[in-house]
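Results of the structural survey
Take a look at the letters that make up each chain.
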Amino acid sequence: MNSKPRMVEVRQNVLKQNDVVARALREKFHAQGLFTISLVSSPGAGKTTFLEKTLTQLQPKHRVAALVGDLATENDAQRLARSQAPVKQINTGTLCHLEAAMVEKALEGWDLSTLDFLFIENVGNLVCPASYDLGEDLRVVLLSVTEGEDKPLKYPTIFNTADLAVITKMDMADAAEFDMMAATANIQAVRPGLRTLTVSAKTGQGMDEYLSFLSSQLIECHAP
Amino acid sequence: MHELSIAMSIVEMAQEESARRGGSRVSSVHLKLGALSGVVKEALVSAYELACEQTELEGSELKIEDIPVVVFCPRCQGERTIASIQWFCCPECHTPTGDVVRGKELEIVALEILT
């Protein structure tokens, strides 16, 4: 055995496999005229309630479906199914995030051409999902008013990869003494220009603006 | 903590590459790690040791090159390295900018192999 190591050049992205699957998914979604949105947040920020209301309110006009990732249980899928939209749970087991291959597998057998919007609710986690492209068109990061205004500074990477920030649970903003100016400034510090909306899924505040934003994105996605 | 699955991918890719180049052992892996990669360096280093156990990479070293975040400043019309990922703005003129040029890398650059 030669004892002197030999240096060989590699130049390979470690997440190449995920990126290849994500790119193929994105192309497939676009070919079917489907607009895909992923939701990321810390656990308990209100992703599932927000998504349930989104699915319910989009349905008169649009055809929607959702995938929901969790380490375990089917609880979220059961909650979302109340919206009457097709919903599938992805149990990640010990994995703290979704990967493109899990999305691909969960969609096996689905006729995507019958859909306008596909929502992918990631595992509640502000760290790991940042590294994985899922083939989505829009990544929405949620921040609830009870979490503290400095969340964007604590988790800059996920906010930096997002395309839209949604501040949730606005009905509790006063009780939580939420400082909107500080939250907005922190979001802008880690992702200048990031569009930020405020909602309360409970009272319906801000939902119209969010839904019309999604509709405008769908039209743009269909534009030649 | 997704560093373990990332470390396992690194080991797997290094094994494949080493086999392709006729290596019998890998003594080190050179990795570029961007500040915006979403990977925690310390966690990755410990996970790497675990992932290398009982493979031809056992005892190998993960040599990490930290890549800072470089943005394009629309005002200076140039690339600038930001000091903190908590503040995306040009370090010279303070214009906010989210136009990331570098810093998302998670890339195996090279291997040192023994044949």
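As a starting point, this report considers the structure included with it. Computed from a prediction, not measured in an experiment: that's the story for all the values here. (Residues numbered from 1 in each chain as written. Chains lettered and ligands numbered in written order. Predicted model: local features only at pLDDT ≥ 70, side-chain atom pairs only at ≥ 80, totals over all residues.)

Below, the discussion takes up the overall build of chain B. Along chain B, the regular secondary structure elements total two helices and six strands. Seen in sequence order, chain B has helices and strands lined up from the N terminus as α-β-α-β-β-β-β-β. Rg of the C-alpha trace for chain B: 17 Å, well past the compact-globule value of 13 Å for 115 residues, more than 25% over. Here chain B holds 115 residues, and 37% of them are scored as buried. Pairs at least 24 apart in sequence give 72% of the contacts found in chain B among residues at least 6 apart. (Helix = DSSP H or I, 4+ residues; strand = E, 2+ residues; numbered from the N terminus. Rg over C-alpha atoms; globule rule 2.2 N^0.38 Å. Buried ≥ 20, exposed ≤ 12 C-beta atoms within 10 Å, placed from the backbone. Contact = placed C-beta atoms within 7 Å.)

Once that is clear, we can look at the overall build of chain A. The number of helices and strands found in chain A is eight helices and eight strands. Expressed as lengths along the three principal axes of its C-alpha atoms, the size of chain A is roughly 70 × 40 × 40 Å. Taken over 224 residues, chain A has a buried fraction of 46%. A separation threshold of at least 6 residues defines the contact pool for chain A, and within that pool the share at least 24 residues apart is 74%.

The phi dihedral of glutamate 177 of chain A is positive, around 50 degrees, even though this residue is not glycine. By the element assignment, glutamate 177 of chain A lies in the loop between strand S7 (164-168) and helix H7 (180-190). Of note, glutamine 77 of chain B is a non-glycine position whose phi angle comes to about 55 degrees, a positive value.

We now examine the pairing of strand S4 (residues 87-91) of chain A. Residue and element names in this part refer to chain A. Pairing between strand S3 (residues 64-70) and S4: five bridges, direction parallel. Looking across to S4, one finds that valine 68 is bridged to glutamine 89. Note that the unit made of S3, helix H3 (residues 75-81) and S4 has a crossover that is right-handed. (Pairing = 2+ DSSP bridges. Right-handed = clockwise from strand over helix to strand, strands pointing away.)

The next subject is helix H1 (residues 3-20) of chain B. Its 18 residues place the ends of H1 of chain B 26 Å apart at the C-alpha level, agreeing with the 26 Å of an ideal helix rising 1.5 Å per residue. Here H1 of chain B has its buried residues at Glu3, Ile6, Ala7, Ile10, Val11, Ala14, Glu17 and Ser18 of chain B. Along the axis of H1 of chain B, the buried residues cluster in a sector spanning 140 degrees; they form a single face. Turned more than 90 degrees away from the buried face of H1 of chain B, the exposed residues are Glu16 and Arg20 of chain B. Along its buried surface, H1 of chain B packs onto strand S1 (6-13) of chain A together with strand S1 (25-34), helix H2 (41-52) and strand S6 (106-114) of chain B. Phi turns positive one or two residues past the end of H1 of chain B, at glycine 22 of chain B, with a value near 75 degrees. (Expected span 1.5 Å × (residues − 1). Arc of directions from axis to C-beta.)

This part takes up the interface of chain B and chain A. Tallying the contact residues gives 31 residues for chain B and 29 residues for chain A. Of all the secondary-structure elements, those providing two or more residues to the side of chain B that touches chain A are H1 and S6 of chain B. The leading source of residues in the side of chain B that touches chain A is S6 of chain B, at nine residues. Of the residues that constitute the side of chain B that touches chain A, the class distribution is 17 nonpolar, 10 polar and four charged. Examined bridge by bridge, S1 of chain A and S6 of chain B share six bridges and lie antiparallel to one another. Bridge pairing in S6 of chain B places valine 8 of chain A opposite leucine 111 of chain B. (Nonpolar A, V, L, I, M, F, W, Y, C, P; charged D, E, K, R; others polar.)

All names here are of chain A. The buried fraction of S3 amounts to seven of the seven residues, a majority that puts the element mostly inside the structure. Here S3 shows two buried faces, one formed by Val64, Ala66, Val68 and Asp70 and the other by Ala65, Leu67 and Gly69. Pairing between S3 and strand S5 (residues 117-121): five bridges, direction parallel. Note on S5: the bridge partner recorded for valine 64 is phenylalanine 117.

Bringing the sheet that holds S6 of chain B into the picture now. Sheet strands line up and pair through hydrogen bonds in the backbone, either parallel or antiparallel. One open sheet holds the four strands; their spatial order is S1(A)-S6(B)-S1(B)-S2(B), and the pairing between them is mixed. In the strand order of this sheet, the two ends are held by S1 of chain A together with strand S2 (61-67) of chain B, each with one partner. For this sheet the average axis-to-axis angle between neighbouring strands, irrespective of direction, equals 20 degrees. Packing against the sheet, H1 of chain B makes contact with S1 of chain A together with S1 and S6 of chain B, and its axis sits at approximately 50 degrees to S6 of chain B. (Axes fitted to C-alpha atoms, helices over the stretch in contact; angles between N-to-C directions.)

All names here are of chain A. Pairing is parallel in the open sheet, where seven strands are placed in the order S4-S3-S5-S2-S6-S7-S8. What marks the edges here is a single partner per strand, and that holds for S4 and strand S8 (195-198). Shown here is a sheet whose adjacent strand axes are inclined to one another by a mean of 20 degrees, direction ignored. Set on the sheet, helix H2 (residues 47-58) makes contact with strand S2 (35-40), S3, S5, strand S6 (138-144) and S7; between it and S5 the angle comes to about 170 degrees.

Okay, the nonpolar core next. Among the nonpolar cores identified, the biggest contains 69 residues, and Ala66, Phe117, Phe119 and Val141 of chain A are the most heavily contacted of them. Broken down by element, this core gets its largest block of residues, five residues, from S3 of chain A. Residues Ala7, Ile10, Val26 and Leu44 of chain B belong to the second largest nonpolar core, which totals 22 residues. (Core = buried A, V, L, I, M, F, W, Y, C linked by C-beta atoms within 7 Å.)

So, to be careful, I would describe these as geometric facts and stop short of saying anything about function.
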